[in-house]
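Chain and residue survey
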Amino acid sequence: MKIDQEKLDFFQRWFQDYVRSFYSSDPHIQKNIRLKEEHTWRVVDNSVRLAEALQLDTYSRHLAYAIGLFHDIGRFQQFSVYRTYRDGKSENHARLGLK
């Protein structure tokens, strides 16, 4: 699959809509969902910076962005359902992400 800027924009919108679906009036859940959302954006930033520092081509930079964006996608459902980020006390977040 070709990952161009248009695809990255789509991924970003999808991610933001997905995360917002887990926003909650419960302060504990909301705090932890926002924590993971902020973490994800830091990972995206670091992934892109690393790709740039390594002078990777545009495709690889876009791939680094997408990987950073989706690396913990299962964590949102994990916390919303189980109120924990511990795989051993809930469900494996990688498996949740695949679903």
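This text goes with the structure placed above it.
Now for a description of the structure that goes with this document. (Residues numbered from 1 in each chain as written. Predicted model: local features only at pLDDT ≥ 70, side-chain atom pairs only at ≥ 80, totals over all residues. Heavy atoms only, no water.)

Here the focus is the packing of helix α1 (residues 5-20) against helix α3 (residues 58-70). The geometry of α1 relative to α3 is characterised by a closest axis approach of 10 Å and an angle of 10 degrees between their N-to-C directions. It follows that α1 is roughly parallel to α3 by the angle criterion. Residues Q5, L8, F11, Q12, W14 and F15 of α1 pack against H62, Y65, A66, L69 and F70 of α3. Its residues assigned to classes, the contact of α1 with α3 shows eight nonpolar, three polar and no charged. (Axes fitted to C-alpha atoms, helices over the stretch in contact; angles between N-to-C directions. Helix = DSSP H or I, 4+ residues; strand = E, 2+ residues; numbered from the N terminus. Parallel < 35°, antiparallel > 145°, perpendicular 65-115°, else oblique. Contact = heavy atoms within 4.5 Å. Nonpolar A, V, L, I, M, F, W, Y, C, P; charged D, E, K, R; others polar.)

Turning next to unusual backbone geometry. Most peptide bonds take the trans form, and the phi angle of most residues other than glycine is negative. Even without a glycine there, the phi angle at Q55 is positive, about 55 degrees. The residue Q55 is located in the loop between α2 (27-53) and α3 in this model. One non-glycine residue, R83, lies in positive phi territory at about 60 degrees. Checked against the element boundaries, R83 lands in the loop between α4 (74-82) and α5 (93-98).

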